[in-house]
Every structure is written in structure tokens, then in C-alpha cells.
Number of protein chains: 4
Amino acid sequence: MHAEGASSDLLAMMAGVREVEAALSDRARIQAMLDVEAALAEAEAALGVIPAAAAAPIRSAARGQDYPLRELADQASSAGNLLIPLLSRFRQTVAASSPEAAGFVHWGATSQDIIDTALALQLRAALSVLLDDTDRAARAAARHARQHATTVMAGRTWLQQATPVTFGLKAAGWLDAILSAAKRVRASRDAVLVLQFGGASGTLAALGGQGPAVARELASRLDLALPPLPWHAQRIRVAALAADLGILTGAFGKIAQDLSLLAQSEIAEAFDAPEAAGGSSTMPHKRNPVRASIVQACALRAPGLVATMLGAMPQEHERGPAGWQAEWDVLPDLVRTSASAARATAALLEGLVVDAGRMRQNLEQAGGVTMAEAVVMRLAGALGPADARQAVEAAVKRAAAEPRPFAEILAADPRVSAVLDREAIDRALAPEHYLGSSGQFIQAVLEAYEREEHTES
Amino acid sequence: MHAEGASSDLLAMMAGVREVEAALSDRARIQAMLDVEAALAEAEAALGVIPAAAAAPIRSAARGQDYPLRELADQASSAGNLLIPLLSRFRQTVAASSPEAAGFVHWGATSQDIIDTALALQLRAALSVLLDDTDRAARAAARHARQHATTVMAGRTWLQQATPVTFGLKAAGWLDAILSAAKRVRASRDAVLVLQFGGASGTLAALGGQGPAVARELASRLDLALPPLPWHAQRIRVAALAADLGILTGAFGKIAQDLSLLAQSEIAEAFDAPEAAGGSSTMPHKRNPVRASIVQACALRAPGLVATMLGAMPQEHERGPAGWQAEWDVLPDLVRTSASAARATAALLEGLVVDAGRMRQNLEQAGGVTMAEAVVMRLAGALGPADARQAVEAAVKRAAAEPRPFAEILAADPRVSAVLDREAIDRALAPEHYLGSSGQFIQAVLEAYEREEHTES
Amino acid sequence: MHAEGASSDLLAMMAGVREVEAALSDRARIQAMLDVEAALAEAEAALGVIPAAAAAPIRSAARGQDYPLRELADQASSAGNLLIPLLSRFRQTVAASSPEAAGFVHWGATSQDIIDTALALQLRAALSVLLDDTDRAARAAARHARQHATTVMAGRTWLQQATPVTFGLKAAGWLDAILSAAKRVRASRDAVLVLQFGGASGTLAALGGQGPAVARELASRLDLALPPLPWHAQRIRVAALAADLGILTGAFGKIAQDLSLLAQSEIAEAFDAPEAAGGSSTMPHKRNPVRASIVQACALRAPGLVATMLGAMPQEHERGPAGWQAEWDVLPDLVRTSASAARATAALLEGLVVDAGRMRQNLEQAGGVTMAEAVVMRLAGALGPADARQAVEAAVKRAAAEPRPFAEILAADPRVSAVLDREAIDRALAPEHYLGSSGQFIQAVLEAYEREEHTES
Amino acid sequence: MHAEGASSDLLAMMAGVREVEAALSDRARIQAMLDVEAALAEAEAALGVIPAAAAAPIRSAARGQDYPLRELADQASSAGNLLIPLLSRFRQTVAASSPEAAGFVHWGATSQDIIDTALALQLRAALSVLLDDTDRAARAAARHARQHATTVMAGRTWLQQATPVTFGLKAAGWLDAILSAAKRVRASRDAVLVLQFGGASGTLAALGGQGPAVARELASRLDLALPPLPWHAQRIRVAALAADLGILTGAFGKIAQDLSLLAQSEIAEAFDAPEAAGGSSTMPHKRNPVRASIVQACALRAPGLVATMLGAMPQEHERGPAGWQAEWDVLPDLVRTSASAARATAALLEGLVVDAGRMRQNLEQAGGVTMAEAVVMRLAGALGPADARQAVEAAVKRAAAEPRPFAEILAADPRVSAVLDREAIDRALAPEHYLGSSGQFIQAVLEAYEREEHTES
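## Regarding the relation of the copies chain C and chain A
Link 1 in the chain: Taken as rigid bodies, chain C and chain A are interconverted by a rotation of 180 degrees and an axial shift of 0.0 Å, the fit giving an RMSD of 0.0 Å. Put plainly, the chains are arranged around a two-fold axis. Closest approach to the rotation axis within chain C is made by the C-alpha atom of G304 of chain C, at a distance of 2.1 Å.
Link 2 in the chain: When the interface residues of chain C are mapped onto chain A, 100% of them again fall at the interface, so both copies present the same face.

## Notes on the relation of the copies chain B and chain A
Link 1 in the chain: Expressed as a screw transformation, the operator carrying chain B onto chain A has a rotation angle of 180 degrees and an axial translation of 0.0 Å, and the superposed copies differ by an RMSD of 0.0 Å.
Link 2 in the chain: When the interface residues of chain B are mapped onto chain A, 100% of them are again interface residues, pointing to one common binding face.

## Thoughts on the interface of chain C and chain A
Link 1 in the chain: Contacts between the two partners involve 61 residues from chain C and, on the opposite side, 61 residues from chain A.
Link 2 in the chain: Carbon and sulfur atoms supply 56% of the area buried between chain C and chain A, which totals about 5,100 Å² over both sides.
Link 3 in the chain: For the chain C face of the interface with chain A, the top three residues by lost area are L10, M13 and M14 of chain C, together amounting to 13%.
Link 4 in the chain: Put simply, chain C and chain A have 16 residue pairs in polar contact (both at pLDDT 80 or more) between them.
Link 5 in the chain: Residue assignment for the side of chain C that touches chain A shows that the elements contributing at least two residues are α1 (10-15), α2 (18-23), α3 (26-46), α5 (69-79), β4 (278-280), α12 (290-311) and α13 (323-351) of chain C.
Link 6 in the chain: The element best represented in the side of chain C that touches chain A is α12 of chain C, accounting for 10 residues.
Link 7 in the chain: The class makeup of the residues in the side of chain C that touches chain A is 27 nonpolar, 19 polar and 15 charged.

## Observations concerning the interface of chain B and chain A
When the parts come together, some accessible area is lost, and that loss is often what is quoted as the size of the interface.
Link 1 in the chain: Each partner contributes residues to the interface: chain B has 86 residues there, and chain A has 86 residues.
Link 2 in the chain: Contact between chain B and chain A buries roughly 7,200 Å² in total, counting both sides, with carbon and sulfur atoms accounting for 66%.
Link 3 in the chain: Among the residues of chain B in contact with chain A, W158, K254 and H317 of chain B are the three that bury the most area, contributing 11% of the side total.
Link 4 in the chain: Here chain B and chain A share four salt bridges between them.

## Brief notes about the pairing of strand β2 (residues 160-166) of chain C
Residue and element names in this part refer to chain C.
Link 1 in the chain: Of all seven residues in β2, seven are buried, a share of seventy percent or more.
Link 2 in the chain: Where strand β1 (residues 152-157) and β2 come together, five bridges link them in antiparallel fashion. The residue bridging A154 from the neighbouring strand is P164, located in β2.
Link 3 in the chain: Hairpin connection, β1 to β2: the antiparallel pair is bridged by two residues, and W158 has positive phi, about 55 degrees.

## Some thoughts on the pattern of salt bridges
Link 1 in the chain: Enumeration according to the criterion identifies 129 salt bridges over all chains in this entry.
Link 2 in the chain: Across the pair D258 of chain A and K254 of chain A runs a salt bridge, and its minimum N-O distance is 2.8 Å. With D258 of chain A and K254 of chain A both in helix α11 (residues 236-262) and four residues apart, the pair spans about one turn of that helix. For the pair formed by D258 of chain A and K254 of chain A, the shared burial category is buried.
Link 3 in the chain: Among the ionic pairs, R291 of chain C bridges to D272 of chain C, the shortest N-O distance being 3.0 Å. Of this pair, R291 of chain C sits in helix α12 while D272 of chain C sits in the loop between β3 (270-271) and β4; the two residues are 19 residues apart in sequence, bridging distant segments of the chain. Across the pair, exposure class does not vary: R291 of chain C and D272 of chain C are buried alike.
Link 4 in the chain: Through salt bridges with shared partners, one network takes in D9, R301, D333 and R336 of chain A together with D329 of chain C.

## Notes on the packing of helix α8 (residues 111-147) of chain B against helix α9 (residues 167-192) of chain B
All names here are of chain B.
Link 1 in the chain: Across the interface, α8 lies against α9 with an axial gap of 9 Å and an inter-helix angle of 160 degrees. Regarding the angle of α8 to α9, the classification is roughly antiparallel. Where α8 crosses over α9, the two elements pack in a sense that is left-handed. Facing A120, L123, L127, L131, T134, D135, A137, A138, A141, A142, H144 and A145 of α8, the residues of α9 in contact are F167, G168, A171, A172, L175, I178, L179, A182, V185, R186, R189 and V192.

## Comments concerning the side chain of R336 of chain B
Link 1 in the chain: Looking at the element boundaries, R336 of chain B is found in helix α13 (residues 323-351).
Link 2 in the chain: The class for R336 of chain B is buried, based on a relative accessible area of 6%.
Link 3 in the chain: Once residues within four sequence positions are removed from consideration, R336 of chain B is found in contact with D9, A12, V20, E21 and L24 of chain B together with S7 of chain D.

## A look at the environment of R146 of chain B
All names here are of chain B.
Link 1 in the chain: Residue position: R146 is located in helix α8.
Link 2 in the chain: For the pair R146 and G168, spaced 22 residues apart in sequence, the C-alpha to C-alpha distance is 6.3 Å.
Link 3 in the chain: When near neighbours in sequence (up to four residues on either side) are disregarded, R146 contacts L446 and E450.

## Comments concerning the environment of A52 of chain B
Link 1 in the chain: Structurally, A52 of chain B can be placed in the loop between α3 (26-46) and α4 (55-60).
Link 2 in the chain: Between the C-alpha atom of A52 of chain B and that of A101 of chain B, which follows or precedes it by 49 residues, the distance is 9.4 Å.

## Concerning unusual backbone geometry
Link 1 in the chain: In this model, H317 of chain A sits at a positive phi of 45 degrees, which is unusual for a non-glycine residue.
Link 2 in the chain: When you line up the elements, H317 of chain A lands in the loop between α12 (290-311) and α13 (323-351).
Link 3 in the chain: Of note in this structure, D223 of chain B is not a glycine but carries a positive phi near 55 degrees.
Link 4 in the chain: Positionally, D223 of chain B belongs in the loop between α10 (211-222) and α11 (236-262).
Link 5 in the chain: On the accessibility criterion, D223 of chain B (60% relative accessible area) is exposed.

Conventions used here
Residues numbered from 1 in each chain as written. Chains lettered and ligands numbered in written order. Predicted model: local features only at pLDDT ≥ 70, side-chain atom pairs only at ≥ 80, totals over all residues. Heavy atoms only, no water. Least-squares fit on C-alpha atoms with pLDDT ≥ 70 in both. Contact = heavy atoms within 4.5 Å. Buried area = accessible area lost by both parts, 1.4 Å probe. Polar contact = N/O pair within 3.5 Å; in protein donor to acceptor, adjacent residues only side chain to side chain. Helix = DSSP H or I, 4+ residues; strand = E, 2+ residues; numbered from the N terminus. Nonpolar A, V, L, I, M, F, W, Y, C, P; charged D, E, K, R; others polar. Salt bridge = Lys/Arg side-chain N within 4 Å of Asp/Glu carboxyl O. Buried < 20%, exposed > 50% of the residue type's maximum accessible area, 1.4 Å probe, protein only. Pairing = 2+ DSSP bridges. Axes fitted to C-alpha atoms, helices over the stretch in contact; angles between N-to-C directions. Parallel < 35°, antiparallel > 145°, perpendicular 65-115°, else oblique. Left-handed = near helix turned anticlockwise from the far one by under 90°.

Below is the structure:
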């Protein structure tokens, strides 16, 4: 049903989020609008607002595949939205089987009621997939945090080796971020899965006193929540969802960027699963971070889409001529983008190949100077902090000039050897003895994760 | 202390958010960093991590006005952040009174610990003002919702007159939006008012086993919450605050835009307080929507700032070279922007002059055709929806061509007059009889507001 | 060939830019890549780099409809881009007719060479349509500028009536903006319609010394310009095109916003062509600014897309893992958005219904006080500017309080009547006498337009 | 004169662009507005539009330091802009020396005329500095391109080592990008250094027939160009400058990102000058890419600011209530950001320490497999492309499993040894023999650079 000329979202295709693409497809869009019209008729029939006999013919006509998107769009260009021409054809279809019922199609509603409510239905389907993938990513991050709690690697600040961390701590940081961001998305999803129903100006005037009852019944039939009032030109719900999807995508982007950097030829500490690491026939040695790349690209796309959703918020009076219309393409784009990032991050973390040996080796490459701080801390008690720092800095400078091991240089300084013998120096320089509270931090995050998993299930 | 060459934020100045500007000023920035250093020393002294005697001289030296920003910034350009040169001067100042204490300045911390925690202190001050102004805006919106629950005006969709609403309903929509957005900001604020404390690579290794105890003590002294682990390169907290400020600003932007439009010369239904409606000496009749304009400009600025905060999220490894640095100017800009919008919206709503007479008059200008839907609904029962629509559409067309009142034209149609006598037609055309559930919607929002106010106080 | 799950761009569909959609479609994308591969083989065969016999079988296999997008995308998810799996199938197709030729497919090229060059081909087609529509919009604006050079209407600043302008001057401002923006887009288009050809790392090493010759031949066959060096990770060309499309869309957005505002029920000075002004069956009196709305929505979307293109510029080393990938969906989205704005603006301006009578009537509604400045200027010579201002301000204040005409109030002030008799006052208050240099400004723009049209044709 | 509460731009301070900060400072803003008012009076006096004696007292009062920004801003909050209260005080100051002259202050102008023209004056000063720094960066890039034309290093795609390039080629790519972007900025600057002068509604009506003459005289006195018509609500000039600054900043961002990545501990191929590479006392071995970091942060900030400028383009009618106001803070922010990036990039490139030995060493680390493509190309003639690829791929796989050198493995394959003897294999594997057209590409860029330098001087 989609039109000739359609252009698929490449990142979404590469991420393989077919269910999300389907939920946001042209076909799904039209079906969702028809579902809302049918449910509305049924709700109104149940409450006696329209004749009981009108509901069935309306429901029967609500089959999306019968309505051609491209022709509807042509008419939408003068009607102002897709629903108006759809409605016109829908009424004809209903009229073919029941002329009387046709008059009660869309009773008391305005186009935006149907379009926004249909969007909620589409979002429900798409976000469910996205959150499942997010859970997968969290689970995989948790596994890495647990398994690599003592896998020592270089901490890196400014892309320079700093004091050591563990790969488990890095993964715990990712996990904590995913959990926080997912929590926000879940809350925003709950807030957006609501009915839109206000009629022409948002008063439900066409339904007389029965507006609230119809709204309640319709929301219940669609399994959507009921907002305190129609929200035609008040777009916080969709803007907030957008913002939280942007944040989640940013959290995934950080993971992916870390992994692209760790996969560099010269670092080579972690890689995407072999089957996914794209290569080229003429450069078969490469291990391209393909899935990380999808995620990073999504993280580049999301902020601009979020900004547009925020920029579209000031919608004029009861319905504006611009902001809502701008949302139509942007929010689905953003959902696809975030869902692509979630899917690719989950796959990336699940298949991740971690090279603990190389991590250790890279850390030792600098010959121990990255451990300088550890030595200062051991000396500070005896020498005082100032002298401790001075002694170690001198040793670091010497280490840059001389080919001797850092431990040996330290041991040769009488200020150092007065406090630490060679064994103590070696112990100070062993990264596994300088991990501070890494283990506790990992533990804290894992406990929070397990609590949350427990609560949700 | 701010540098020659400083450039004030014009919108913030015009909004008059002096406390916010002060909380985010150069001076406050430096003082906050020194406050964190002093509290750190005190916490460590209390726990015996550093000598008890070291805390007092450190605290004494922590007076921001003694440190010149511009010179610090010059040195920051090679150090990479403002804290490093500040620390160097701070140590000298401490050393002047206690050389021993100087060695224990900044013990176990990394620059980002201090800078991010100082940011939390600044945000606490600034957000408190912003939220107070938001409450003011909510209160004023609630008052309008209550007072104008039956003040009839044109609903406007696509900037065209549609079926009637009430000014109270419009205000209730604003109120609902402010409440939702403020709730989000409060939650984000709570999440960001946390300690940052991890040392060089986020493991607190320099503090041996005492890291968590120091963190707890420091958080308690600064009255900040304690996160499960350091968050140097995990920026969800600040990104989420940014996003929620963007959403709040968007909600204010919608209010301001509605009011700019209502103040148009040809509409003239509501105005900023006379003292604020800027004019020009040569065009003294103008009632420029000056405060609305500030808010609208803020709403234009916020999305780009939010996008930058989201785009900065993927920060490399344990501390990156770009994203964090990009936040430094952008988050304060955004807080100022949102706070300016809050202040100006509050003042605008508090001083708002509503012209209920003009609202009615504009609604009646169209001679009743905006009420066409109401007539259809009255006729539909007797004529069936299709014929009812047809009869009314015919009358609307005639009304466009003939100078007669719409009621008269309707009455002249036998299909109509068979169902509705002239009095019934007039009743159908009276906007106050076609407000649907406006009252209930207003009530629902006001009740939620009162519940919330009650809860918070 | 597009995938199930495809989701069309609603605004593009409503704007009816089918040729642009087609140029950017899945089908066109694949065909363009195959066209580049075929031209490459032909160029290399012509220069003896590959066997002469290899070219024909390669060209024969280059039929896009034979290659299924969805399956390619599935494989792209591990390969990292769409070209690699396409190439693999393409080689098989070639091999079926000529195993020898298959080995020479893609000779010396890297994926990005093909993908970026294919993009240039797609952009050529799409931008040509966009620029034609832009020309249409300019032509229509020029017509309005000419025809309405003396059609007086209220100038409006801050959405308040100010001193008078002409509708022609407004249109001249639109025209000047379109011309400036279109000029930029033309220049950016010329800069982007270049070959991308560098091989694996951008050195063309695989072609030995023949790289430049092949590049020249290939560019010539594709009718693209030849850049000084490959631009794999240097994205100024695409970023600049994006920026200039954003600017053009902003220029259209201003026109559309002016027209949405002029179409307001209470202003009603200009409308979209009747067939396009969407309405609803229950509110048949409405003249919704549907086409303006499409343009305004496009103008809301463009800035976020431009920001993403700029944010994607820092691409790592010789080819990055994120920025280029982010461009893939974003640049086509932006081209569609801008082209939709161009098409809808052209149609809007061509069909525009201008109500000169209502313009005059709205201007006179204020009873002359909008002309206060004109009176000051007439009095200033005799009374001095200060007294002139004072006298007129007093009259304006009185006019707000008293129901008498402004002219009468002015005439009653002896300071005024000493200088201007009633006829002179009336003349001062006639808006057509207070249009300053409007005519010259319009003329200047029209002359520039005609010069440019002449040059281009 | 800047207000208490001012907050400096940290990145600008760290970049040290004091002249730019000064040009955009509060003080400069006020002085520029007064300069325009004085020049306007002088132009009008010269043409006899106002009394000749009025000019001198007006000029005398135009001293910025006499006007307190904070108090002006307080009044601006009801006036709607900074000029109105400044004007009121300015008139008082003039009146103190010449009451008559005071009446002729601002004669025929509107606030926006003065504010926008003052902006042009500020931009002229700031952009001049920015372009000088850009030239410095180009010069340094050109030097690297020349000096390192044969310095072999790993090409890197997807952050994986690919076939070799030279550091000179990388620098030539940077240079080409700087040149293209700077050319755009120069053109945008020329377009924005124009007069704004239209009076209340953009018609210059207050000046009767003398508007154009005054405009010409004023433009000439301020050394600004004269646009075809006032551009109050047509913002292409400023939006285009913004976009082009964004593009230039993106070009700098790419350079900085490359250099941050090259400075990584494990790669260590190029570094910022030692005096700028920030370090920490406890990690003295680190060579933090501090200046690159400033540039990267600027490149993150710019896109959001550009998006805001584009989003602000649709300004209502003759002057809007939102977009123009949003520009006030955003454009200066963007100029500071871009100028900071230019300054830091220039310094970074000028002081860059290139380690050619390490570049070679990193390239050889993979033992030759990165040269696989070179061997394929040498074998293809004899074996045909398919067999050549197959043989080399087999060798690469073996190389991953066996500790033998790649050359030896290749030599052991009879298919290879039949075509290439060991010496030929070694030659094929020497990166300096597989640089393709690098030299020509460098040359082409350097020639374009020299031509341009010649033209400009």
C-alpha cells in the first residue's frame, strides 16, 4: 500500500527492526486510524449515542488494505491531513453496505482525535519492541559487569591512559545508564498511551453531555488511558516521549562509541561478534565495528529530531497549522532511530568478544607510569603528600628518558626505598591492587538491576 | 570577577531573572568549586583520611572573590579545565597559612568531581528560582481557568475560527501543561542534585577502601544525594534535566504564542499588563506583546540547546575530550533560558488583561456560521446525519452570499424549520450552549492542581 | 522494490513532489549505485585499465529492479553498507554472463566511492525539480510585487498594526529572500555534483598511476565535476548543501507564516486558492491555510536536519564509523523537506487570492491612529520634533477615550491646526501618501530579479 | 559596564579569543548602537534632513561607557529591546547640551535599524579576527601537507587500519576543507555587512522622499554595503552567516577529532605542543589533547546554534515577536564558538608535534596484512582478479593464525611465487610504494591554496 517512491530508513533496515518498521508503516498508519474509527462507532453504539446497528458495518469497512495511500495523500494535500480523504472513502465503503451507518462514521470526532489516537496505537506496538531490545541490552551489560568485575584494563580520560579500571566497571556504567534511560522511556510511554478525543475545538460539544462517557468507553475499548482533557495543541506527551527516546539513544551511543574505540586496530580490546564485523575482500584483516556504527549514527540523528519535536511544541490556539504537522514524520523517524539503536546495541553487547589479555597488555605497555598515583598514595603517609608527589613525578620524568622499568627507577630513589621495598613497589604498581571501590560500584548497579527486574516481572 | 569582554544574556536580563543569573555567574561558579573543595577536606578530616588540622585552613582559603577568573581561564587553556589553575592558586593560598594542609587539598579527587559537584550546587540555586516562577505561572493560569470558565470565545484551529471554547478552557490547557512539565523538571532536578566523586578514573582508588565513606560524608555535608557510582562520562542526569527544561520552555512558549496572537490589533482579546506592553513614541496605539515575546524567543532557543546536550552524551571512556566540555556553557545557557521563560510567563499571566467583550464580539463577527456544527447536531436526530449536514451546509453557503443573518437563513429552510423553530435555532446558535464538556475539563485540571499543591506544601 | 514496512514522508506526499520522491526512492538509490559501477567499468575499459570486453556485461547487469532492497539491507547489517551486498549479487549477475568481467567489477573503488557518487546523481535529479519549483515561487512573488505595488495594507510589527506598507512590498521582500537563498542552493548544488573516487583510503593506490585518468574519465561519463582530491571524510559539500536547503526552506517558511496569519478569520486579507483551502464538512466557513501549513511544517523540520548534517561533519580519519552513516537518511529527508516547501510555496503563491479591499479596511479600522507618525513628521518642521510628538501623542490618547475620528481630534488642537488645515490633516492620514520608498524598494528587487532571469536563461 | 551576574563563555576564554569577546561584549554592543545613532545624525545633517547643528551634540553624547547596561536592560523588559531605553537616556544626554538636537536623535529610524546595523559593526570586528585565525590554521595545514607529503602512516577507515596514506595527504584534506569553508564565510560576511534602515515598517516613510539618500550616506559613513531593501523580517543574511560559521566549525572539528585520536596513548602519532598538552600532577605521563578538545567542544555546540538561527527565520510580517529576539544571544554565541574553534585549531596545527617514526611503526605493527590490497593488484594481471584475491585472502587468514611474516607466507604460495619473487613481494608490501596519487592530490590542494593566497593579498 505504500507509495511508489517510498524510501526506506537505511539505518532501521540495517538494524533489522522489522516489527518497528511495520508498526510505523504506511499500512499500519491507515489501519490504526480505521481501528479508532471502528472503536469509536462501537463505543457510541454501546452508549446509545448512535444507533446500535451502525457499529457493525463501520467495523466491517475498517480494513486498511482497501485504501490506497498515494491517492489519499493526493487528496490530503488540499484537505490538510490524511484522515479527511480516508474518511470520505471510508464513508463510501460503509455506505455501500449500510447507508444509514455511513452518516454515523466519525460521530462527534475531529480529524486530530483519530490521527493522534491512532498514533498512540502505533507507538504501543513500536515501543514494546524497543523496550524489549533495551532489556536485552541491559541483560547483556549486566552479564559483562558480573563476568568482568576483575578484568583489569586502562582507564582512559581524554583518550589517554589513566589509572586502571575494570571492564566490569565500564559495563556497570553502561547498565546504569540504560536502566535510568529506560525508566524514563517507560514513564513517557505510559503518559503517551492515552486517548485523544475532543471534537472540533476540544470541548466535545457535538456529543452534548455524553462526551466524557464516550471518551471513557472508547479509551477502555482501545486499552488507552484517559487524559484529564483533550490535548490537541498541548504536545508535552509526544515531546516528552521524544526527549526520553533521545536520551536513551544517547546512552546507547556512549556504549557504541566506547566499543568503536576499543576495537581500533591499535587497541583491539573488544570486538563485535565475528559474523557482524564487516570487512572488505581486499582488507580482510579489518574488524569494522559495524553494529556500533549503526548505534553511533542513530545517536547523531536523534538530537536533531528531538529538537524538532520541542520546537514544534508552541502550537497555535486549539490546533495550529505547523507544529502538529511537523510531528507527523519526525516522531516515527525518532522511534525508528531509537529502536534501531536499541536493537543494534543489544546484538552488539550480546555478541561482544572481550580480549582480557590485550586489555592487560595495553595497560602494561606504558611500563607502569600509569600507576604513578598509586605510588604517591602509598608514600604520602610517610613523606607527606608534597614530597610523595615530588618523588614520583621525578621518577616519571626519568622513566620517559631512560629505558629502565618504572619500578626500578622508583626503587633507586632513596626517598622511595626508605618507605617501600621493591616488593612493596611492585605491589603498588600492580593494577589489580589499585581498583578502589570498583567492585562495590559494580555491585550497587547490579543490585539495583536485579531489584528492578524482579519488580517488573 | 567576571572578565572584561563579558557579554550578558539579553533575554535573561530582560526577563529579570537576576537570582538565576547570579547563581550561574562566573563568581558563583568559582565559589561553588571552592565550597566543594572545602567540604571535601572537612569530610576527609572528619573521617581521619587527612589530618584533622588540615580542614580549617582549607576552608578559610575558599573565598571565591580572591581568585580572578580571567587569569584562571588563561591557564585553563593549557590545563584543560578551570579547576586545575584554580586549584594551583588555592593550594598556594592554603600554603600561606598552613603548608601542611596545602598538601591535602583536593585529596583523592579529580577535577571533574569538583566541577560537576559545583554545578549541582549552582543548579540547586537556579532551579529553585525557576520552579518558584513556574509555580507562579501555574497559579495565575489556575486563576484564569477558574474565573473564565464561562467566558466564551472563538476556538481557533488552523488560525481559523472554529466552534466556541472558553478562555477558562484555554487556561486549563496551559495549566495542565505547566503542571506536567514542572513535575518532570522536579524529578530531573532531584536526579541531578547528586554528588560526583570518583577520582582519576572513577574508582576512588586513591582513597583505598575509604572511598565510599568519604563520598557519603561529602554528599551529606553538601546536602546532595549519593549516586550508585560516579558518572563522569555518563551524562543522563544533565541531559535529562536539559530535556525537561526544554519541554517546560516549550509549554511556556505555547502560552506566549497564544497570547501574542490574541493581542493582535485585529483580535485584541487579551493583553500583557499595560506597564509591560511596549510601545513606541511614534506609534503610541501599539500594545506590543513584550513579555510574550521574551518567552517565545526562549522557546526558540531551548531546542537547539537541548539537542547539544543530547549530542554531547556519547562521552569517551572514563572522561572524553569534547562532550563534557560542550556542556559547560550550554547547560547554564539553557537554565537561564528556561528560567527567563518561567519568569516572563508568570508575570505575563499575572498581569494579563482579558477582554471578554471583545472575545464575544469576535465570535459573533461571523454571524453564526461558526455554530453550524451545533445546528447539525440538533437536526441529526430528526433528519439523520446526512440530511442534517446537507441542510446546514446549504445554509452556510447561502450565508456567504447573502447579507441575511444565519439564523434567518436556517429558518427559511423547511427541513430545518420542521425540526427547530426560530427560538430553538437561536438557542442552537448561542455559543454558551455549545461548550460541551469544557466545564468538566476545567474542573478536572483544577482538581489535579489543587491536589498537587496540597501534596507539595 | 522498497521494503514492506516502508513509511512514506507525509509532508512530501501532501506537497506532491513525486519526482523528488522518486529520485530519492529505494529504487533510485540502487539504480544510481549500479549506474556508477557500470560507468566505472566503461571508463576503465576505455583507458585499458580493465579488459575492454569487461564493460558490456557489467553494464548489462546494472538493472536496479533485479536487486531486492530488503534482502540487501539484511546483509548490509553485517557488511556496514548497502553497496557491499549489492556488489556481491551484482558480481554474481555479471558472472552469469561473463565470469571474466565479474572480476573487474568495482575495480579500484571503495564502497564510499560508489555510494557518494550515486548520491550526487540522485541529488542532481531531485535538486533540479526543487529549483524549478523555487523559480515558480519567485515568478509568482514577482507578479504580486508588481501587481500590488500600490495595494496599501497595514504594516505589522510585533503582530500589531504599524505604519502602512503595500502588499507589493511584502511580496518584494519574499522575492528578494527566495532569490538570495536560491542562489546559494545553486552554488552548493554545483559544489556537490562532483565525483567521489579515492579507493580504500583515498589515494587511488589500487590503480597505480592511472587513478587521476580514470577519475577524469568517470567524472566526464557521469557529467559530474572533478574535485581536487577525494572527500570521503571531508563533508563540507553535503553539509553546505544541507545548510543552504535549510536557509531556502526558512525563506519559504516566512512567506507561509505571513500568509497563515493573513488568512486568519479576523484578518482575512489573503487566502490560498479555494480548491486548496481545506475545510471540514461541519465547519464549511473555514479557509484553512493548508498549503501554507505544509510549508511551515517543513520549515520546522529543516533546522534539526541541518544540525544533524553539521554535527556529522567531524568524521574520523579516512572514513568514520558514524557521521557518514548518519547522513544516509538525513540528507534525503532534508531534500524532500525543502522540495516540499518549494512546491507548496509555488502553488500557494500562484493561486493566492488577495483581498485588497479588506487590507484597506483593516488598516482603517483603527481610525487613523496608525498614521500618527505621518502627522508628527508633517508637524515637526514647524513645531520642532518634541512639540510635534507631544501634540500627536496627546491626540492619540484622546482618540482612545473619545469616539471622534482621529482627524477631528487633531484638528481641534490649536498647535496642529496652526500648521495643518483639515484637508492637510486628511492628506497626512491617508496611508497611500505615507509609503515612503516602497515603490523604489520593489523596483530594485524586480530589476535584480529580471537581470538574474535574463542571465540564467 | 557588563552586569553583575555576567557569565563568561568558558570555551571562548580557554581559546583566548579576547578580541572577539571584546567585539561582542556588552560594552561593544552599546557603543555600536551609539555609533550608528551618531552616524545617522551626521548623515541626515549632511543632507539637510535635520539641522546641521544637531549632529555634533549627538556625536558627543555617543560614549558607551556613560550608559549602564543593567539599568537599560531592566527598562528593556517593558520596552521590548535595549535600544528604546538607551535612546531615552541618550536623548537626555544630548538634551543636556542641546535641547534642539535631542529632538533629532534617531530621526526616521526604528529600533531594529539601529540594533541590526550595530550588529553588523560588531560582526565586522569579530569576523576579521576569526578569519585571520582561519588563515593561520590554513597556513599551518599547508605546511604539514608540504612537509609530510611522503610521511607514511596508516589510513584508517572505521577506526581500523586500512591501506597507507601520508600525513601530508591528511593535512591536505584539512586544508582543502578550511579553504572551502573560509570562502563561504567570507562571502556570508560580505553579505551581512550591510546597512539596516527602513523606519517603522520598512518603507522609510518618515523621511519622505529622502530615505534612499540618507540610507546611501549612512551606509557610506559606516562603510557598510547598501541592500536593495530593508531586511527587518528577512533574515537570510544572518542565517547564512550562521550556517557558514557552523560549517567552518565542523571543518575544524574534523581536524581536532583526527588529532585527539592520533594522540591516544596506544597510537601516539601526533600531539599538541608540549606547553599546551594538559596533564595532571598525579598522571604526569598524560598528553591530554586540550586544544583539540576545545575545538571538538565548539564543533558540538555550533550545530544547535545554527539550527536556532534557521528556526528563527520565519519572522512575522514586518517585524516579529520572537525570531529576531532569539537571534540576539544566539548569533554572538555562535561567532564566539566559531572564533574559539579557529583560534584553537590554528594554535594546535602550528604547534603540532608529529611523530613520523611512530606512524611507520604503527603501520608495520600488523605485519604487512594492511598491504594485502597492494599484492592483489600486483597479482591480478597474471592470475586474474578472482584468483589474485583468493590467494591473498588465504595468506591473510594464515597470517592471523601463524606467527610468520606475511611476506613469507605469501612467498610460500606457489600461485604468488609464480608471479612475484620475494623481492617483488617485499616491494609490494612497502607502504611507500602504495600511495597512489597522494602526491598529486596534495599538490592540487596546495596549488589552489597558493592561488587563493595570491589573489587575496
